[in-house]
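What follows is each chain in one-letter form.
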Amino acid sequence: MSTDTVLSRLGRHGRSQIPMLVTSVLLVVMFAAGSVSYDGFLSGQVLLNLLIDNAFLLVVAVGMTFVILTGGIDLSVGAMVALSTMLSAWLVQLHGWPPLLVIPLVLAVGTGAGLAMGWVIHTFEIQPFIVTLAGMFLARGLCYTISIDSISITDPTYTSMAQTRIPLGDLFISPSVLVALLAVGVAFVVLHYTRFGRNVYALGGSEQSSVLMGLPVSRTKIGVYGVSGFCSALGGVLMTFYMLSGYGLHAVGLELDAIAAVVIGGTLLTGGSGYLLGTVLGVLVLGLIQTVISFQGTLSSWWTRIVIGALLFVFILLQRLLTSRRRS
């Protein structure tokens, strides 16, 4: 049976699930290979450590999923994470503000920045790449107006969040993992069970058709960038717990990791098709690549980027194959 015949029999819904299925198989194969090659790799704690070490990336990737589903892109997320860490450290450590006031303020700043970029993109019909690139430079610049050096945090609330371990039998997770999983759960409900989520998919499928159907295109487009801004700020809060510092060079390249996780998870860069579960799998794949290289011990950390780049290239080709078959 030919490839064309198989794809045609699967239908559009089946084809949209192929990348996520490939990602699932890849995750299982990588974990099995690591378990065979390295002592101590076959452990539940190794899997949980993927979530502990990548909780902030998972939250940022959730926001990126909303944006990419509409056919957009957000390059400002890494810089917004860094700005969130700097604002948190500056206000808590240097000015003595209580964390219960600082954290909502940081989330509001991130959400406001996302909404502002979404408004500019829609109102002036500028490519999201350009607007969010400007947002990236602006956020990084603001970091260095606060301080050019790293600001360590010794506040008891932050240190407690960093050191707390939630037991799961003989295993454990961090509070940041619970926050990240909560964000995934809320985003899943919003995407699949609300009108806003349906509008996101419709907008990614065809903006012109969405306008003709009378859907709130402007509100949806601005909203997804607001969601991305909120998730970036929340990811920044989680990174602050993880690093216990604020620094303008935190999260350099995180926007590319988030995009890679979303694409490897099966969301089309052109928008309109993708699943939040795929994004979670994409984040786990990226984390597992780092873990395998860490267990190997002799390879440079730059091999992580090389492998991720190769995987991203393969998944983009797979997307291209599936979308071309769909058009034909």
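Reading the values: the criteria
- Residues numbered from 1 in each chain as written.
- Predicted model: local features only at pLDDT ≥ 70, side-chain atom pairs only at ≥ 80, totals over all residues.
- Heavy atoms only, no water.
- Helix = DSSP H or I, 4+ residues; strand = E, 2+ residues; numbered from the N terminus.
- Rg over C-alpha atoms; globule rule 2.2 N^0.38 Å.
- Contact = heavy atoms within 4.5 Å.
- Areas by Shrake-Rupley, 256 points an atom, 1.4 Å probe, with all protein chains shown as cover.
- Lys, Arg positive; Asp, Glu negative; His and termini not counted.
- Charge placed at Lys NZ, Arg CZ, Asp CG, Glu CD.
- UniProt positions renumbered as here; feature names shortened; annotations may be inferred.
- Salt bridge = Lys/Arg side-chain N within 4 Å of Asp/Glu carboxyl O.
- Buried < 20%, exposed > 50% of the residue type's maximum accessible area, 1.4 Å probe, protein only.
- Phe/Tyr/Trp six-rings, centres within 6.5 Å; stacked < 30°, edge-to-face > 60°.
- Axes fitted to C-alpha atoms, helices over the stretch in contact; angles between N-to-C directions.
- Parallel < 35°, antiparallel > 145°, perpendicular 65-115°, else oblique.
- Nonpolar A, V, L, I, M, F, W, Y, C, P; charged D, E, K, R; others polar.
- 1 Å grid on protein atoms, 1.4 Å probe; cavity = no way out; pocket = protein on both sides within 12 Å on 5 of 7 lines; lining within 4 Å.
- Points joined across faces, edges and corners; volume = space filled by probe spheres on them.

When helices and strands are tallied, the protein shows 14 helices and four strands. Rg of the C-alpha trace for the protein: 20 Å, near the compact-globule value of 20 Å for 328 residues, within the 12% margin. When contacts within the protein are restricted to residue pairs at least 6 apart in sequence, those whose partners lie at least 24 apart make up 77%. Accessible surface, the protein: about 15300 Å² in total, of which carbon and sulfur atoms supply 67%. Seen as two clouds, the 14 positive and the 11 negative side-chain charges of the protein have centres 18 Å apart.

This part is about the UniProt feature "transmembrane region" (unreviewed entry) in the protein. In the UniProt entry, the feature "transmembrane region" (unreviewed entry) is given for residues 18-38, 50-70, 101-122, 129-151, 171-191, 222-243, 276-296 and 302-322. A distance of 28 Å separates the end C-alpha atoms of residues 50-70, which is 90% helix and 0% strand.

Moving on to the pattern of salt bridges. Within this structure, the stated rule accounts for two salt bridges. The shortest N-O distance in the salt bridge between Glu-207 and Lys-221 comes to 3.1 Å. With a gap of 14 residues between them, Glu-207 in helix α10 (residues 207-212) and Lys-221 in helix α11 (residues 217-243) connect regions that are remote in the sequence. Judged by its relative accessible area of 36%, Glu-207 falls in the partly exposed class. Classification of Lys-221 as buried rests on a relative accessible area of 14%.

If you check which residues of helix α9 (residues 195-205) are buried, you get Gly-197, Asn-199, Val-200, Tyr-201, Leu-203 and Gly-204. The inward-facing, buried residues of α9 abut α3 (55-69), α8 (175-193), α10 and α11.

All chains considered together, the criterion is met by nine aromatic pairs. Aromatic side chains Tyr-38 and Phe-41 sit 6.4 Å apart centroid to centroid with 45 degrees between the ring planes, which places their arrangement in the tilted category. With relative accessibility at 21%, the residue Tyr-38 sits in the partly exposed group. Residue class for Phe-41 comes out buried when judged on its relative accessible area of 0%. Each ring, one from Tyr-158 and one from Phe-241, has its centre 5.2 Å from the other, and the planes form 50 degrees; the classification is tilted. With a gap of 83 residues between them, Tyr-158 in helix α7 (residues 156-163) and Phe-241 in helix α11 connect regions that are remote in the sequence. A relative accessible area of 0% means that Tyr-158 is categorised as buried.

Attention now goes to the packing of α3 against α11. Here α3 crosses α11 at 175 degrees, and the two axes come no closer than 8 Å. By the angle between their axes, α3 is roughly antiparallel relative to α11. When α3 is examined against α11, the residues Ala-55, Phe-56, Val-59, Val-60, Val-62, Gly-63, Met-64, Phe-66 and Val-67 are found in contact with a partner set consisting of Val-224, Tyr-225, Val-227, Ser-228, Cys-231, Ser-232, Leu-234, Gly-235, Leu-238, Met-239 and Tyr-242. Broken down by class, the residue content of the contact of α3 with α11 amounts to 16 nonpolar, four polar and no charged.

Time to look at the layout of surface pockets. In this structure, the largest pocket occupies an estimated 440 Å³ of space. Lining the largest pocket are 21 residues; nearest its centre among them are Val-252, Leu-254, Asp-257, Gln-290 and Arg-305. Looking at the lining of the largest pocket, the elements with two or more residues in it are α3, α11, α12 (254-264), α13 (276-296) and α14 (302-327). Sort the elements by how many residues they give to the lining of the largest pocket and α14 lands first, with four residues. Across the lining of the largest pocket, the residue classes break down as 11 nonpolar, seven polar and three charged. When its volume is computed, the second largest pocket comes out at roughly 340 Å³. In terms of lining, the second largest pocket is formed by 15 residues, of which the most central are Ile-121, Ile-126, Pro-128, Glu-207 and Lys-221. Breaking the lining of the second largest pocket down by element, the ones donating at least two residues are α5 (99-123), α9 and α11. Of the residues contributing to the lining of the second largest pocket, the split by class is five nonpolar, seven polar and three charged.

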